[in-house]
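Understanding the architecture of this molecule
What follows is the residue order along each chain.
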Amino acid sequence: MWNNAQAMRRASRWLYVVVFVMLLGSAGVWLYHSSYFPVKQVNINGDLQYTDGEELQNIAARYIRGNVFKADLNGAQAAFAAMPWIAKAEVRRHLPDTVEIRLSERVPVAYWEDGGLVDSEGNVFAGRLDEEVVLPKFKGQDGAGKVMVERFSMFKRELTKEKLSVATLAYT
């Protein structure tokens, strides 16, 4: 092999490729652990009326800290999505130093018979409202929330014309 020029060229090419890949890997590890890209700004966006701002800040502080590459964006997104009032959560990094959080809040349509609320998509969730908020009460089988919301909006549209409203909607 040492006397064969073609074999030496092939071996040197492979060595260059291996060294290049190792340099790329080293650069990636350095960026991941580097202090040169700290998270300086966390933006929380969304029209939020019912969600506790302090709880949002605590979740952001727990998952989004240190380096912008090392911040646990998936963990933060899962934690935000697990909050009762949050319908959808998106967490993204914007280089060099910003993390953006977009939250969509559930819109309550009715109280559910066993406690909790029904949102505009028909999902039952464990939210709480002030006692002065007046919403109808839904009674029905598990999984019937979507159909009930559709029927409720139809009934509400027709009853509003007669200046009437729905107090309770039962689905059996």
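Here, the structure is the one placed above.
The following paragraphs examine the structure supplied in this document. (Residues numbered from 1 in each chain as written. Predicted model: local features only at pLDDT ≥ 70, side-chain atom pairs only at ≥ 80, totals over all residues. Heavy atoms only, no water.)

**What to know about the pattern of salt bridges**
- One pass over the structure, following the stated rule, counts 5 salt bridges.
- Among the salt bridges present, the one from Glu90 reaches Lys88, with a minimum N-O distance of 3.3 Å.
- When its relative accessible area of 22% is taken as the criterion, Glu90 is described as partly exposed.
- In this structure, the salt-bridge partner of Arg106 is Asp119, at a minimum N-O distance of 2.9 Å. Separated by 13 residues along the polypeptide, Arg106 in the loop between β3 (98-105) and β4 (108-112) and Asp119 in strand β5 (residues 117-119) bring together distant segments of the chain.
- The buried category is assigned to Asp119, whose relative accessible area is 2%. (Salt bridge = Lys/Arg side-chain N within 4 Å of Asp/Glu carboxyl O. Buried < 20%, exposed > 50% of the residue type's maximum accessible area, 1.4 Å probe, protein only. Helix = DSSP H or I, 4+ residues; strand = E, 2+ residues; numbered from the N terminus.)

**A closer look at the layout of surface pockets**
- Its volume calculated, the largest pocket comes out at about 190 Å³.
- Taken together, 13 residues line the largest pocket, and the ones lying closest to its centre are Val109, Pro136, Phe152, Lys156 and Val166.
- It is helix α4 (residues 145-161) that provides the largest number of residues to the lining of the largest pocket, a total of 6 residues.
- For the lining of the largest pocket, the residue count by class is 9 nonpolar, 3 polar and 1 charged. (1 Å grid on protein atoms, 1.4 Å probe; cavity = no way out; pocket = protein on both sides within 12 Å on 5 of 7 lines; lining within 4 Å. Points joined across faces, edges and corners; volume = space filled by probe spheres on them. Nonpolar A, V, L, I, M, F, W, Y, C, P; charged D, E, K, R; others polar.)

In short, shape yes, function no, at least from these values alone.
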